[in-house]
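Report on the structure
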Amino acid sequence: MWSCPQCNNSDIRLVGGNNEMEGRVEVCVGGTWGTVCDDFWGYPDAQVAYSTSIGNAYFGPGTGAINMDNVFCSGTENALTDCSYSATHNCVHREDASVVCIQRPVNCSEGELRLIGGQNYTEGRVEICLNGNWGTVCDDLWGNQDAQVVCRQLGLPVQECNETDVRLVGGSNETEGRVEVCLGGRWGTVCDDLWGVSEARVVCRQLGYDWEAQCTHGDVRLVGGTNDNEGRVEVCVLGTWGTVCDDLWNIYDAQVVCNQLGIDGGAVAYGSAHFGQGTGPILLDNVQCTGDEDSLFNCTYLSNHNCIHFEDAGVMCQSASCNSTDVRLVNGLVESEVNCSEGELRLIGGQNYTEGRVEICLNGNWGTVCDDLWGNQDAQVVCRQLGLPVQAVAHSSATFGQGIGEIYLDNVQCTGSESSLLACSYVSIDNCGHSEDAGVQCNGPGKCNETDVRLVGGSNETEGRVEVCLGGRWGTVCDDLWGVSEARVVCRQLGYDWEAQCTHGDVRLVGGTNDNEGRVEVCVLGTWGTVCDDLWNIYDAQVVCNQLGIDGAAIARTNAYFGQGTGLINMDNVQCTGNEDYLINCTYISDHNCGHFEDAGVTCGVTPQCNNSDIRLVGGNNEMEGRVEVCVGGTWGTVCDDFWGYPDAQVACKQLGLPYTGIFILTISVITYYNSFNTGAVAYGSAYFGQGTGPILLDNVQCTGDEDSLFNCTYLSYHNCIHFEDAGVMCQSASCNSTDVRLVNGLVESEGRVEVCLNGVWGTVCDDFWNTNDAIVVCRQLGYPTTNSTSIGNAYFGPGTGAINMDNVFCSGTENALTDCSYSATHNCVHREDASVVCIQRPVNCSEGELRLIGGQNYTEGRVEICLNGNWGTVCDDLWGNQDAQVVCRQLGLPVQGAVAHSSATFGQGIGEIYLDNVQCTGSESSLLACSYVSIDNCGHSEDAGVQCNGPGKCNETDVRLVGGSNETEGRVEVCLGGRWGTVCDDLWGVSEARVVCRQLGYDWEGAVAYSFAFYGQGSGPIVMDNLQCGGSESALTDCPYDPDTSDCTHFEDAGVMSLTTSMIYIVNPSSQKGNAAGLLEMREAEAQDNPININPYVTVTPKVEKLDRTDPLMLEAKTVTEYAIEGTKDVVL
């Protein structure tokens, strides 16, 4: 289909402005108007289009196509389409670009309002005139009452509708549609939860429409057929028509419908929306009629359903076309006649005349028998009537194939002595299909002896599938309730040994490389069986090892570690305390939901790594912090962070002998109270110090804080956790007095980021609802005048670190301390929302073009602010780069080399004007104002630019280092870019990238291991690389392709590496003059037997091979070799 173009290609127009010289830019491409995305939209682009560039849909979002993105103009082009641009985009209309060609002179009265960007003059963004300038209004706490005031001031209707009015929208006429109701002067929709006929009637009555019932309750009608006698069945319930679900729908139900409609004759039942899918409610389900009812509602049915309209039931009502019991032959080659006697039987579909589907002759026609209640006594009667052996077997479920035609008999119940099937009890109306046709097998030669058993399919005659002879035929036995007792009877009947295989309660280990390890098998009632690994842990393993008399630590193995067993699974959900003498003394269930791929195993006799109940901290930057690991059964394991909190951290620190308390000082009048209370310990979750390995030993730890050991607290020894949930602590004395406040990072002591002391730890305050009253309280608490107290959000003085102690602060302004105000101790904030105050306003005393850095950690970094017209303002980060940063550093007298540009308000959002945008310096300018820039911006303070000027203590560009590991060859990867250390995001991080890091650091790179999810703890500062894709052969990490945009990453995704050798290592045994070869190191494991030598925390090497092989290389640096010699080796084979 062809349509006329809307416009001429490359035409542009301005839409939504207050006059023809301003508005949203729309460009004609391919004959269609579309908007322009504001990505990279700047002053040169506006020059081509018009003059001043604005983004973020300033004049309202457009609709339809977005025709251009990433527009780059030099400013000399004659048409926007002459510029470089992308015809594809990743934008939405809230990013539509706009321009102002001729600046309107500011001509507004103080407090005047205007609406910008709406579809018409009655809607839009609220702008207010203050000090002769237009500005916007923030939406915090903005509501309908505020909107009413705006509309009133503008002389517009205060309400778009009358309170409680309703209307119908989107229907084909005025009497139907989506319900909308007026509340708070605004139209809104109604959710359909619990919405029904009663609610609909109220709406119709309120609108003055007919609200009475559509129909009479109980009526039926047929819809969608080709005539009045057929169609989709619809029934009337409470005045509303609805459909009937076809579940259990059959000819009897159809007959009732036809009778109710007064249509005589036969009826045909249809399902699966044969006459089309209906709409509206489905009113009946599981209808079950006998056929004699006068109304469908007299049948059994459900008013709740699990159906969709694809299952709508239908009927076809038809006059009788034949006389009952008449038969005819159709499509045959010759005419024939049925030649059977009333009640005659025949067997069809068997292998011979003695078996088959049972068919019976009634009214001159053959039909089948339904298998409901069909049994061997019924089969005996069939066989007797046919003159066959009475030793008979009944078959069901159409064993001999499905018949056709009528199903004449159902619910047959014979005593077994009758001479004919019709002499038995039966019903002639069935609820069956031919899939339920009954069959028989009448015994003959070559059958089996009644009650015999045999074993089939085993590897020898003493095992196999149990088959038993009943009714002269072999059959299998269902395993419901099948157990050892039944198996013993079979073995005894066959004359085999049926005694117990084992003593009840015994355990054994199977499939290991030695006697101390293997799959756990337990003897229950004389039969060996495996143990399912559900809830299987070190406590259970310890009981097994103790029962077997094997000393040492135990390791629990899961997932059929020693291979899958066969036979029974005797135990599931085992829960031992570790003190039981036998595994069967532990709590367990004998029923299971397992497969043998879940068979549990153990390794016993392991040299203990630690003393039971010991605790240690791993992965921290010092001995006072780290991931909590505890010792159980001689093995270190982690603690899950479920319920992990401050009291638990306090106990952990106390057990380690580390600081965990502080002094709380409360002064009332002239009396000072000293109260020692526990404030120093900090609890961490979510693997804050990196994910551990090995078992998770404790879960749901709940301490009061008074215990001396974590093991004295309440806890679970089984868990539902992963290592991402490893708990951690920081142990410290209280660093402050609770309720204290301080100001950080201001230029003077009376301003800065607000930090408050709670539980002995300094933390920031989130800026949600932060206002002047809150600032007044902070200034009063610090002893400053409160007259000019100013509240600032968005981390104006730079984002803090550590805890966020308060959120949603509400002060009246009269409180003496910030903690006296209402606040939430939990938060949903990040440090970019840190609150700040200025208690004493600094007089503006700056020179035109002067620069300053705000919000950094020191004077060499921060948000760039520039002085224009005697006021400080910020710089937008559009086109902001390192060359611009160099100029800033030069102007400030700071080192220029290595200057780094920061964007997206890295050092917090500023306030006031944004003076410069689209700054483009060559890098050689002496001041920022000497660079190219525009003074009209399309930015918000979330785009404030920052810099970092290089100085002593920085790093060499492209260097890498490993941080947070247990030694120098492992840790979190940090790389130096722009003179500053930053972490690497783990997106696409793998072995190839890890090898490059190890090679760059001079470590062995063959066995490099890549770690994700901040395995070595979360870093701080910038994340400088993402989506790294190394080939593995590069010399430096920065040689690999990577994405510098890390906006989708957090420090939880910090990448790490471990450098390990995978080569053959040989160490001479000090007890031998000739020397012995040591074992093979591979990743974290080593073959070990006698005289272990500890190489590092991960590897133990033991002399093993009694010969010397000088052909294998030693892939270790000299330093490590020296360490080996110190461990006691006599020589190293090179």
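Residues numbered from 1 in each chain as written. Predicted model: local features only at pLDDT ≥ 70, side-chain atom pairs only at ≥ 80, totals over all residues. Heavy atoms only, no water.

**As for the overall build of the protein chain**
The helix and strand inventory of the protein chain stands at twelve helices and 72 strands. In the protein chain, which comprises 1134 residues, the share counted as buried stands at 45%. Looking at the protein chain alone, contacts between residues at least 24 apart form 65% of all its contacts between residues at least 6 apart. Of the roughly 56,500 Å² of accessible surface on the protein chain, 47% is carried by carbon and sulfur atoms. (Helix = DSSP H or I, 4+ residues; strand = E, 2+ residues; numbered from the N terminus. Buried < 20%, exposed > 50% of the residue type's maximum accessible area, 1.4 Å probe, protein only. Contact = heavy atoms within 4.5 Å. Areas by Shrake-Rupley, 256 points an atom, 1.4 Å probe, with all protein chains shown as cover.)

**Examining the packing of aromatic side chains**
With the rule as written, the count across this model stands at 13 aromatic pairs. Look at Phe711 and Tyr715: their rings are 5.9 Å apart centre to centre, the planes differ by 90°, and that puts the pair in the edge-to-face class. An aromatic cluster is present here, built from Tyr684, Tyr688 and Phe689 joined pairwise through their rings. Cation over ring: Arg557 sits above Tyr561, and NZ or CZ is 4.4 Å from the ring centre. (Phe/Tyr/Trp six-rings, centres within 6.5 Å; stacked < 30°, edge-to-face > 60°. Lys NZ or Arg CZ within 6 Å of the ring centre and 35° of its normal.)

**Some thoughts on the sheet that holds strand β13 (residues 186-189)**
Taken together, the three strands give an open sheet; going across it, the order is β11-β12-β13, and neighbouring strands pair in antiparallel fashion. The open sheet terminates on both sides in strands that have one partner only, identified here as β11 (166-170) and β13. Each adjacent strand pair in this sheet contributes to an overall mean axis angle of 40°, direction not counted. Note: β11 against strand β12 (residues 177-183), five bridges, orientation antiparallel. (Pairing = 2+ DSSP bridges. Axes fitted to C-alpha atoms, helices over the stretch in contact; angles between N-to-C directions.)

**So, the nonpolar core**
With 25 residues, the main nonpolar core has Val628, Val630, Val639, Trp644, Val701, Leu710 and Val729 as its most contacted residues. Broken down by secondary-structure element, the contributors of at least two residues to this core are α7 (538-547), β38 (615-619), β39 (625-632), α8 (646-656) and β44 (696-702). With four residues, the single largest contributor to this core is α8. Excluding residues that lie within four positions of it along the chain, Val639 makes contacts with Val628, Val630, Trp644, Leu698, Val701, Glu725, Asp726 and Ala727. (Core = buried A, V, L, I, M, F, W, Y, C linked by side-chain atoms within 4.5 Å.)

**Focus: the state of the cysteines**
Taken as a whole and judged by the stated rule, the model has 29 disulfides. Each sulfur in the disulfide pair Cys811 and Cys821 lies 2.1 Å from the other. Since a negative S-S torsion denotes a left-handed disulfide, the Cys811-Cys821 link at about 105° is right-handed. Of this pair, Cys811 sits in the loop between β51 (803-810) and β52 (822-824) while Cys821 sits in the loop between β51 and β52, and the two are ten residues apart along the sequence. (Disulfide = S-S within 2.5 Å.)

**A short note on a nonpolar patch on the surface**
A contiguous nonpolar surface patch, about 300 Å² in accessible area, is contributed by Phe40, Phe72 and Leu879. Tracing the backbone through its elements, the reader meets Phe40 in the loop between β3 (32-36) and α1 (43-49). (Patch = residues over 30% accessible without salt bridge, like charges linked within 9 Å, V, L, I, M, F, W, Y side chains within 5 Å. Salt bridge = Lys/Arg side-chain N within 4 Å of Asp/Glu carboxyl O.)

**Notes on the pairing of β51**
Summarising the sheet, strand β49 (residues 761-765) and β51 pair through three bridges and their orientation is parallel. Bridge assignment links Gly763 to a residue of β51, and that residue is Ala803. Across two bridges, β51 lies against β52 in antiparallel orientation. Pairing of Asp807 across the sheet is with Ser824, part of β52.

**Things to note about the sheet that holds strand β9 (residues 124-130)**
Sheets are built from strands paired through backbone hydrogen bonds, the pairs being either parallel or antiparallel. Reading across from one edge, β8-β9-β10 is the order of the three strands in this open sheet, with antiparallel pairing throughout. Each end of this open sheet is capped by a strand with a single partner; those strands are β8 (113-117) and β10 (133-136). Mean inter-strand twist for the sheet, computed between neighbouring axes without regard to direction, equals 40°. The sheet contact formed by β9 and β10 spans four bridges and is antiparallel. Within the sheet, the bridge partner assigned to Leu130 lies in β10 and is Asn133.

**Quick notes on the pattern of salt bridges**
Inspection of the entire model under this criterion finds 22 salt bridges. Residue Arg753 pairs with Glu755 through a salt bridge whose shortest N-O separation is 3.2 Å. The buried category is assigned to Glu755, whose relative accessible area is 7%. Residue Arg961 pairs with Glu974 through a salt bridge whose shortest N-O separation is 2.8 Å.

**Details of unusual backbone geometry**
Excluding glycine, a negative phi dihedral is what most residues carry, and trans is how most peptide bonds are arranged. At Leu248, a residue that is not glycine, the phi angle is positive and equals roughly 65°. Position of Leu248 among the secondary structure elements: in the loop between β16 (240-244) and α4 (251-260).

**A short note on α8**
Taken as a whole, α8 has its buried residues at Asp648, Ala649, Gln650, Val651, Ala652, Cys653 and Lys654. Close packing links the buried residues of α8 with β38, β43 (682-684), β44 and β46 (728-730). Two residues or fewer after α8 comes Gly657, characterised by a positive phi angle close to 75°.

**Regarding the side chain of Asp410**
With respect to the helices and strands, Asp410 occurs in strand β25 (residues 407-413). It turns out Asp410 is buried and unbridged, and the closest side chain with the opposite charge, Arg357, is 15 Å from it. Not counting chain neighbours up to four residues away, the residues in contact with Asp410 comprise Cys370, Asp372, Tyr426, Val427, Ile429, Asp430, Asn431 and Cys432. (Lys, Arg positive; Asp, Glu negative; His and termini not counted.)

**Observations concerning the environment of Asn431**
Mapped onto the elements of the fold, Asn431 is located in the loop between β26 (425-427) and β27 (439-442). The spacing of Asn431 and Asn250 is 181 residues in sequence and 8.8 Å in space, taken between C-alpha atoms. The residues contacting Asn431, other than those within four sequence positions of it, are Asp372, Asp410 and Glu436.

**What about the side chain of Thr638?**
For Thr638, the position within the fold is in strand β40 (residues 635-639). Given the relative accessible area of 0%, Thr638 is considered buried. A polar side-chain atom of Thr638 sits 2.9 Å from a polar atom in the side chain of Asp726. Contacts of Thr638, omitting those with residues within four sequence positions, involve Arg627, Val628, Glu629, Gly692, Pro695, Ile696, Leu697, Leu698, His723 and Asp726. (Polar contact = N/O pair within 3.5 Å; in protein donor to acceptor, adjacent residues only side chain to side chain.)

**Examining the pairing of strand β22 (residues 355-362)**
On a regular strand, one side chain projects to one face of the sheet and the next to the other, so that they alternate. When you tally the buried positions in β22, you get eight out of eight residues, the bulk of the element. As paired strands, strand β21 (residues 345-349) and β22 are joined by five bridges and run antiparallel to one another. Considered in β22, the bridge of Ile348 is made with Arg357. Where β21 folds back onto β22 in an antiparallel hairpin, the turn is made up of five residues. Relative to β27, β22 is paired through three bridges, and the arrangement is antiparallel.

**Some thoughts on the confidence of the model for the protein chain**
For the protein chain, per-residue confidence averages 81 on the pLDDT scale, and 86% of positions sit at 70 or higher. Counting interchain partners and residues more than four positions distant, the pLDDT-below-50 stretch residues 330-337 has three contacts. (pLDDT = per-residue confidence, 0-100.)

**Regarding the environment of Phe907**
For Phe907, the position within the fold is in the loop between β57 (900-902) and β58 (914-920). Between the alpha carbons of Phe907 and Gly856 there is a distance of 6.0 Å; along the sequence they are 51 residues apart.

**Things to note about the environment of Asn845**
Checked against the element boundaries, Asn845 lands in the loop between β53 (836-838) and β54 (851-855). With 22 residues separating them along the chain, Asn845 and Cys867 place their C-alpha atoms 9.2 Å apart.

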